[in-house]
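Take a look at the letters that make up each chain.
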Amino acid sequence: MKSSWVAKQNVIYQAPASAGMTSSDKIYIREQFGKFQRIRRWLNFVLVAGFLLLPFIRHNGAQAILIDVATQRIDLFHFSLFPQDLMIIALIFILAAFTLFFVSKRYGRVWCGYACPQTIWTLMFNWVERRVEGSHHQSKAMDNQSWNRKKLAKKITKHTLWLMLSLFTSLTFMSYFEPARVLYSDFFTADISPVIAGWVLFFAVCTYINAGWLREKMCQHACPYSRFQSAMLDVTTKLVAYDASRGESRGPRKRTVAKSEGQGDCVDCNLCVQVCPVGIDIREGLQYECINCGLCVDACDETMVKFNYPKGLIRYTKQSTSEVSFNRANLGYALLILATGVSIIVWGLNRQSFEVNLLRDRQALYRVNTSGHIENTFLLKTLNKTQHLKKYAVLLSDDADFTIETRTEFQVQPGEYLMTPLPVSFSGIEYPEKQIIEFVVEDLQTGEAITKHSTFYAGPGAW
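Residues numbered from 1 in each chain as written. Predicted model: local features only at pLDDT ≥ 70, side-chain atom pairs only at ≥ 80, totals over all residues. Heavy atoms only, no water.

Helix and strand content of the protein chain: 14 helices and 16 strands. Principal-axis analysis of the C-alpha atoms places the extent of the protein chain at approximately 110 × 60 × 35 Å. Looking at the protein chain as a whole, 44% of its 463 residues are labelled buried. In the protein chain, the share of contacts with a sequence separation of at least 24, taken over all contacts with a separation of at least 6, comes to 69%. (Helix = DSSP H or I, 4+ residues; strand = E, 2+ residues; numbered from the N terminus. Buried < 20%, exposed > 50% of the residue type's maximum accessible area, 1.4 Å probe, protein only. Contact = heavy atoms within 4.5 Å.)

Below is the structure:
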């Protein structure tokens, strides 16, 4: 049986007309506590703690997670990723996207409501605002007052705290691109480079504007996810919804007086609107602005308890209990997630710990050396993709007539791209005009080898 979770089927994506707000109105978010907000706050605490602490984790004497833009290298504990490893980055993002689609198919925009940094920082800034300016009613009343000393002091305090929080957020974010210990030391001793200082200032301003001023407008007008969510939702998606059949007709009343005939359970307290971080009225039906955060659920349940009504007037529910299309969609996303996960595992098992590139000397195709032998010169480029010093050897495969006229063993530092000239001579009797030769570069510690082919030229008719 279908649940009457919205007032009308044809308003499921309408704009919140009853909210009485324009796009330029400021939303004064009322603080709310409850079951879903405890979940969100604990999840936010874990995510923010991870964001703050991860740059300080050490591995092998260095920062465990570091994105070095200058050397085009990403360190992730034991692994170092380079531009040659772009495929794994793409696969990880694809896996994250499919997982997000899978969750959205089942629970709507819970990512936006519970884990999105924009929502986390918006509510964090709102927490600071409530501590300084008081409740949302007091904050709105103060904004409508003329300027005075008390108002000025509170505004300066609030924006100072916002700027400090923005700066700390920016420093934390930059510590993923610049070693954290060096960054904080240089910043607080005023020894930071102008480039790094500029980026810190840039991200601090972005955080201050996004979380302090734009807030829900980022979700409504800039974030593409709120726009294409309708393509993922269907009647089996569990969303925050208002039970119109139970709540209507709504109307205010006293707790000590029984509701009159024809009245629904909704007491029209508007708490669901006051706590909404995007300022919509969930009673008007599902709107694309809704981020499924559950604030209105906790607010409504609190009111229902006060009036001795059953909870769940606003709740997480789905329009249909049919599992047919639900299971098909789940299976599709599950297969895509599985395929991407298997691709990541296969890539990891076949990933080479070093890269080799072989180039010919373009100045001269061949020459005669001091021993009277025909000689070609090649340039071997070796990238050590590990975090340890590596020793490599290069040799020619299965041809005794060709000899490398230089040292065949060399060392490469972690992350170094070493260029090694390789003069190769032919000491056989019959000179071939052109012949394919095979180079093998071997890691002397692990035995891992990479084979490269090139052409040896020995006469004017070779080309």
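Still more ground to cover, so stick around.
All right, on to the environment of Ile65 then. Here Ile65 shows up in strand S3 (residues 65–68). Through-space distance from the C-alpha of Ile65 to that of Thr403 is 44 Å; in sequence the pair is 338 residues apart. Dropping the residues within four chain positions of it, Ile65 is found in contact with Leu54, Asp75, Leu76, Phe77 and Tyr176.

It is worth spelling out the pairing of strand S16 (residues 449–457) at this point. Summarising the sheet, strand S15 (residues 434–443) and S16 pair through 9 bridges and their orientation is antiparallel. By the bridge assignment for S16, Glu438 is matched with His453. Counted along the chain from S15 to the antiparallel partner S16, the turn is 5 residues long, and its residue Gly447 has a positive phi close to 80°. (Pairing = 2+ DSSP bridges.)

In this section: unusual backbone geometry. Here Glu248 and Ser249 are connected by a cis peptide whose omega angle stands at 0°. Secondary-structure assignment places Ser249 in the loop between helix H11 (244–247) and helix H12 (271–274). Despite not being glycine, Ala190 has its phi angle at roughly 60°, a positive value. Checked against the element boundaries, Ala190 lands in the loop between helix H7 (180–188) and helix H8 (194–214).

Turning to H8, a few remarks are in order. Along an α-helix, a turn takes 3.6 residues, which lines up residues three or four apart on a common side. The end-to-end C-alpha distance of H8 is 28 Å, a good match for the 30 Å that 21 residues give at a rise of 1.5 Å each. As for H8, its buried residues are in contact with helix H4 (117–133), helix H6 (149–174) and H7. Downstream of H8 by one or two residues, Arg215 has phi in the positive range, about 50°. (Expected span 1.5 Å × (residues − 1).)

On to the nonpolar core. Ranked by internal contacts, the top residues of the largest apolar core, which has 37 residues, are Val240, Tyr242, Ile282, Cys296, Val297 and Ile314. For this core, the elements supplying multiple residues, two or more each, are helix H3 (110–115), strand S6 (239–242), H12, helix H13 (295–306) and strand S7 (314–317). Tallying contributions element by element places H13 first for this core, with 6 residues. The next biggest cluster of nonpolar side chains, apart from the first, holds 23 residues, and it includes Val356, Leu358, Ile374 and Val394. (Core = buried A, V, L, I, M, F, W, Y, C linked by side-chain atoms within 4.5 Å.)

A few words now on the sheet that holds strand S11 (residues 390–396). Strand order in the open sheet formed by 4 strands is S13-S11-S15-S16, and the pairing between neighbours is antiparallel. Both outer strands of the open sheet, strand S13 (409–412) and S16, are each paired with one neighbouring strand and no more. Strand-to-strand twist in this sheet, taken as the mean axis angle between neighbours without regard to direction, amounts to 30°. Taken together, the 5 bridges between S11 and S15 define a ladder with antiparallel strand orientation. Opposite Tyr392, over in S15, you have Asp443 as the bridge partner. (Axes fitted to C-alpha atoms, helices over the stretch in contact; angles between N-to-C directions.)

It is worth spelling out the sheet that holds strand S5 (residues 79–81) at this point. Read from one edge of the open sheet, 3 strands run S3-S4-S5, paired in antiparallel fashion. Each of the sheet's edge strands pairs with one partner strand only, and the pair in question is S3 and S5. Neighbouring strand axes in the sheet, compared pairwise and without regard to direction, differ in orientation by 10° on average. Two strands pair when backbone bridges link them, and strand S4 (residues 73–76) and S5 are joined in this way by 3 bridges, in the antiparallel orientation. Its bridge partner lying in S5, Ile74 is registered against Leu81.

With that settled, consider the confidence of the model for the protein chain. Counting all residues, the mean pLDDT for the protein chain is 88, and 92% of those residues have values of 70 or more. Segment residues 1–23 is flagged for pLDDT under 50; beyond a separation of four residues in sequence, or across chains, it makes 48 contacts in the model. (pLDDT = per-residue confidence, 0-100.)

Time to look at a positive patch on the surface. A cluster of basic residues, Lys35, Arg38, Lys238 and Lys311, forms a positive patch at the surface. Position of Arg38 relative to the elements: it lies in helix H1 (residues 35–53). (Patch = residues over 30% accessible without salt bridge, like charges linked within 9 Å, V, L, I, M, F, W, Y side chains within 5 Å. Areas by Shrake-Rupley, 256 points an atom, 1.4 Å probe, with all protein chains shown as cover. Salt bridge = Lys/Arg side-chain N within 4 Å of Asp/Glu carboxyl O. Lys, Arg positive; Asp, Glu negative; His and termini not counted. Charge placed at Lys NZ, Arg CZ, Asp CG, Glu CD.)

Let's shift gears to the packing of aromatic side chains. Summed over all chains, the structure comprises 23 aromatic pairs. Taken together, Phe173, Phe177, Trp199, Phe202 and Phe203 form an aromatic cluster joined through their ring pairs. The side chain of Lys151 reaches across the aromatic face of Trp147, ending 4.4 Å from its centre. The ring of Tyr309 carries Lys259 above its face, with NZ or CZ at 5.2 Å from the centroid. (Phe/Tyr/Trp six-rings, centres within 6.5 Å; stacked < 30°, edge-to-face > 60°. Lys NZ or Arg CZ within 6 Å of the ring centre and 35° of its normal.)

What follows is about the pairing of strand S14 (residues 417–426). In terms of burial, S14 is largely enclosed, as 7 of its 10 residues are buried. For strand S10 (residues 374–384) and S14, the ladder comprises 10 bridges, and the chain directions are antiparallel. Paired with Thr377 across the strands is Pro423, a residue of S14. As defined by bridge partners, strand S12 (residues 402–404) adjoins S14 across 3 bridges and the pair is classed as antiparallel. Bridge pairing in S14 links Phe402 to Phe426.

Helix length check: H13 (12 residues) gives 17 Å between terminal C-alpha atoms against 16 Å at 1.5 Å per residue, within 8%. The buried fraction of H13 amounts to 9 of the 12 residues, a majority that puts the element mostly inside the structure. Residues of H13 that are buried: Leu295, Cys296, Val297, Asp298, Ala299, Cys300, Asp301, Thr303 and Met304.

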